[in-house]
Protein chains: 2
Amino acid sequence: MSKSLIVGVDIGGTTIKIALLSETGDILAKSKIPTPVKDGEDVIIGDMVQAIWALLAQHGFTREHVYGIGIGVPGPVEPTQGVVLRAVNVGLRDTPLKAKTEALTGLPVSIENDANAAALGEMWCGSGRGTANLIAITLGTGVGGGIIIDGHVVHGVKGVGGEVGHVTVNPEGPLCNCGKKGCMETYGSATAIITGIEKAAQNGKSPLLASILQEKGYLSAKDAFDAAAQGDLASIEVIDTAGFYIGLGLSHLGNLLNPGKIVIGGGVSSAGEELFKRIRASFDQYTFPIAAECCEILPATLGNDAGVIGAAWLVYNSQKSVPTVS
Amino acid sequence: MSKSLIVGVDIGGTTIKIALLSETGDILAKSKIPTPVKDGEDVIIGDMVQAIWALLAQHGFTREHVYGIGIGVPGPVEPTQGVVLRAVNVGLRDTPLKAKTEALTGLPVSIENDANAAALGEMWCGSGRGTANLIAITLGTGVGGGIIIDGHVVHGVKGVGGEVGHVTVNPEGPLCNCGKKGCMETYGSATAIITGIEKAAQNGKSPLLASILQEKGYLSAKDAFDAAAQGDLASIEVIDTAGFYIGLGLSHLGNLLNPGKIVIGGGVSSAGEELFKRIRASFDQYTFPIAAECCEILPATLGNDAGVIGAAWLVYNSQKSVPTVS
């Protein structure tokens, strides 16, 4: 029986997503299960493996069809030994995820931090295609990121490389959850944008936002972009500030790493051109000209699938037996 | 006849430095010649090769003793093909330095940007020893840098990776020679420190600096540190500012790359502890705690030899026939 499948897994604090992928990164089937966070690492790994067998069986496959399993986790990892150093949301610490999953499945396993996996996914099958030097960031509740240099993820000495959201963009800026001041995350996350427009709704600066807040009972980042499109000055100011500081933070990556692409995903990025043009302007202003000219800044295209696709890429990349595709 | 030597070369705008090194990176002999900048690439390469033969002969060696030649140049390179993309101070542009030097010598040649070579030198034989994830910066007339991740130099897509001096540390800061505002170089270079104390000497803020200026006719970065040691407040302010912004710029590297060491060389760094403690404080303030804790910030130890040693490392690393040493 010839192998044809890669299993990609994305372990999150709420759900474990599982996908079967072809050798070219196409998703053939998907499933998800709740993450049994409270039950400890062995139950988490056991449930994940059961769900993999179930998905394979459901689509008429067996273990013999599978090249290997790639897993993304929300925390720093030691990729060579395949150890999860910390994943607070999932309750993992110093977990030999690779060894334990290999023992249970008899298949080769590769692991990676989830933000790094998402970056690899965008490089393999998304808008990062065509360069081996890219950064992928996600503008969500926080700002996550993965850095890829010459096709390799930057882990650093303690696995915390790629903390793009915690680059300082204003030394005098607001306090971040990480304990530092003025991190990119304090301006560019959905949380930061919502905080900004909530303030404008409440302090009388924006009657429009105040009426949306009264009507819905809450505000979302999308409200900021919608209100800005209607000319709401307070919303425009919040978006200007977010775009400026995201672009400034990305300029550090441009100057230091000279990437070919920066790929931006997450809820906030779906606001599209209005945000991207502000990010681009600030990036160009603060990036060394040669480095700015050769760097595209693009929306991510894989959405929530980036993680499982990138996890599968780990298997694709590690196994010489997987046919090489362009 | 068995091989035992590596040739390391550092091509600068004024001189070409040549060294013969052992397989462990020890310098056995050195020479230098003026760089014939005006005469074009073929004369530059020809003179360099003649000087290599002369140094070998002077010490009783021949080409047969040499594993290969490593060359550092002041500008971005394409390392695989061995092409110098631009080296303005030397008048090189799209120069196939590797191919031309190999044709003239019959020896394998590797090339690298000089700041990157210096970083490799510090990694191999200097204070960067013991980690494969390090950044080396040089605080001189400007601020240069090289970034090494997992033992590999970061070149980026156009060879301008590692422009540490042009990371923005203050978006409202002074204009830099590169055309951008508030680059780390505008605060942390010797030039910036001298400009700061010259102003204090001239505007009456520092009678001490004014008297040094009158006596010598000029001020150096060392004068700033000497005056600060005597309690001169204007000098202390200039050094505080330099240390703060160097530390802030290095925090970007800490957060993004999680290096094990940052090695600082160049004239300004020789001021020692007074500058380093300010850099460290600012770095710790703006770097994600896990990344800050595991990163040492150290003075470079190889001085002007870092370039030829790092150039030699290229040969050491590229040739499997060179015995591996720990």
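Residues numbered from 1 in each chain as written. Chains lettered and ligands numbered in written order. Predicted model: local features only at pLDDT ≥ 70, side-chain atom pairs only at ≥ 80, totals over all residues.

Undergrad: Quick rundown of the domain arrangement of chain A? Include the residues and the values.
TA: Residues and elements named next belong to chain A. Domain assignment breaks chain A into domain 1 (5–114 + 305–318) and domain 2 (127–301). Using only C-alpha atoms to locate each centre, domain 1 and domain 2 end up separated by 29 Å. Counting from both sides, the interface comprises seven residues of domain 1 and, opposite them, seven residues of domain 2. The residue makeup of the side of domain 1 that touches domain 2, split by class, is five nonpolar, no polar and two charged. (Domains from an automatic or database assignment. Contact = placed C-beta atoms within 7 Å. Nonpolar A, V, L, I, M, F, W, Y, C, P; charged D, E, K, R; others polar.)

Undergrad: With reference to specific residues and values, describe helix H5 (residues 190–202) of chain A.
TA: All names here are of chain A. In a regular helix each residue adds 1.5 Å, so 13 residues correspond to 18 Å; H5 covers 18 Å between its end C-alpha atoms and thus fits that length. Taken together, the buried positions of H5 are occupied by Ala190, Ala192, Ile193, Ile194, Gly196, Ile197, Ala200 and Ala201. Those residues of H5 that are buried lie in contact with strand E9 (134–139), helix H4 (185–188), helix H6 (207–216), helix H7 (221–229) and helix H8 (233–257). Positive backbone phi, at 85°, marks Gly204, one or two positions downstream of H5. (Helix = DSSP H or I, 4+ residues; strand = E, 2+ residues; numbered from the N terminus. Expected span 1.5 Å × (residues − 1). Buried ≥ 20, exposed ≤ 12 C-beta atoms within 10 Å, placed from the backbone.)

Undergrad: Account for the relation of the copies chain B and chain A, with residues named and values stated.
TA: With an axial shift of 0.0 Å and an RMSD of 0.0 Å, the rotation relating chain B to chain A amounts to 180°. The symmetry that links the two subunits is that of a two-fold axis. Minimal C-alpha distance to the rotation axis in chain B is attained by His252 of chain B, lying at 3.5 Å. In this assembly the copies share their binding face: 100% of the residues contributing to the interface of chain B also contribute to that of chain A. (Least-squares fit on C-alpha atoms with pLDDT ≥ 70 in both.)

Undergrad: Got a sec to walk through the sheet that holds strand E6 (residues 83–87) of chain A? Specific residues and values, please.
TA: Residues and elements named next belong to chain A. Sheet architecture is open: three strands sit in the order E5-E6-E7, paired in antiparallel fashion. At either margin of the open sheet sits one strand with a lone partner, and together these are strand E5 (77–78) and strand E7 (92–95). Pairing of E6 with E7 involves three bridges; the strand directions are antiparallel. Paired with Val84 across the bridge in E7 is Thr95. (Pairing = 2+ DSSP bridges.)

Undergrad: Can you lay out H6 of chain A for me, pointing to particular residues and giving the numbers?
TA: All names here are of chain A. For H6, every residue scored as buried is listed here: Leu208, Leu209 and Ile212. The arc that holds every buried residue of H6, seen down its axis, measures 95°, which confines them to one face. In H6, those exposed residues whose orientation departs by more than 90 degrees from the buried face are Pro207, Ser211 and Gln214. Just past H6, the residue Gly217 takes up positive phi, approximately 90°. (Arc of directions from axis to C-beta.)

Undergrad: Can you explain the packing of helix H5 (residues 190–202) of chain B against helix H8 (residues 233–257) of chain B? Please cite residues and give values.
TA: Residues and elements named next belong to chain B. Their axes nearest at 9 Å, the elements H5 and H8 cross at an angle of 155°. By the criterion of interaxial angle, the relationship of H5 to H8 is roughly antiparallel. As H5 packs across H8, the resulting crossing turns out to be right-handed. Counting all contacts with H5, which are made through Ala192, Ile193, Gly196, Ile197 and Ala200, the residues of H8 involved are Ala234, Ser235, Val238 and Ala242. Of the residues belonging to the contact of H5 with H8, the class tally is seven nonpolar, two polar and no charged. (Axes fitted to C-alpha atoms, helices over the stretch in contact; angles between N-to-C directions. Parallel < 35°, antiparallel > 145°, perpendicular 65-115°, else oblique. Left-handed = near helix turned anticlockwise from the far one by under 90°.)

Undergrad: Any chance you could break down the pairing of strand E12 (residues 261–265) of chain A for me, citing the residues and the numbers?
TA: Residues and elements named next belong to chain A. In terms of residue burial, E12 counts as a mostly covered element, since five of its five residues are buried. Across five bridges, the pairing between E9 and E12 is parallel. Its bridge partner being in E12, Leu134 is matched across the sheet by Lys261. Across four bridges, E12 lies against strand E13 (residues 296–299) in parallel orientation. Counted as the bridge partner of Ile264 is Pro299 from E13.

Undergrad: Explain the interface of chain B and chain A residue by residue, including any values.
TA: Every contact between the two is made by 38 residues of chain B and, on the other side, 38 residues of chain A. Every element with two or more residues in the side of chain B that touches chain A is listed here: strand E10 (143–149), H8 and helix H10 (289–293) of chain B. Of all the elements, H8 of chain B adds the most residues to the side of chain B that touches chain A, at seven residues. Considering only residue class, the side of chain B that touches chain A consists of 20 nonpolar, 14 polar and four charged.

Undergrad: Describe the sheet that holds strand E8 (residues 109–113) of chain A, naming the residues involved and giving the relevant values.
TA: All names here are of chain A. Within the open sheet, the five strands sit side by side as E3-E2-E1-E4-E8. Their pairing is mixed. At either margin of the open sheet sits one strand with a lone partner, and together these are strand E3 (27–34) and E8. Adjacent strand axes in the sheet meet at a mean angle of 15° when their direction is disregarded. Two strands pair when backbone bridges link them, and strand E4 (residues 66–73) and E8 are joined in this way by five bridges, in the parallel orientation. Residue pairing across strands places Gly70 opposite Ser110, the latter belonging to E8. Along the sheet, helix H3 (residues 114–125) makes contact with strand E1 (5–11), E4 and E8, crossing E8 at roughly 105°.

Undergrad: Could you give an account of the packing of H5 of chain A against H6 of chain A, with specific residues and numbers?
TA: All names here are of chain A. It is at 7 Å that the axes of H5 and H6 come closest, and there the two elements cross at 100°. The angle between the axes of H5 and H6 places the two elements in the roughly perpendicular class. Two secondary-structure elements touch here, H5 through Ile197, Ala200 and Ala201 and H6 through Leu209, Ala210 and Leu213. When its residues are assigned to classes, the contact of H5 with H6 shows six nonpolar, no polar and no charged.

Undergrad: So, unusual backbone geometry: which residues are in play, and what are the values?
TA: Residues and elements named next belong to chain B. Notably, Asp94 is not glycine yet its phi reads approximately 50°, a positive angle. Even without glycine at this site, Asn258 takes up a positive phi of about 50°. Along the chain, the position of Asn258 falls in the loop between H8 and strand E12 (261–265).

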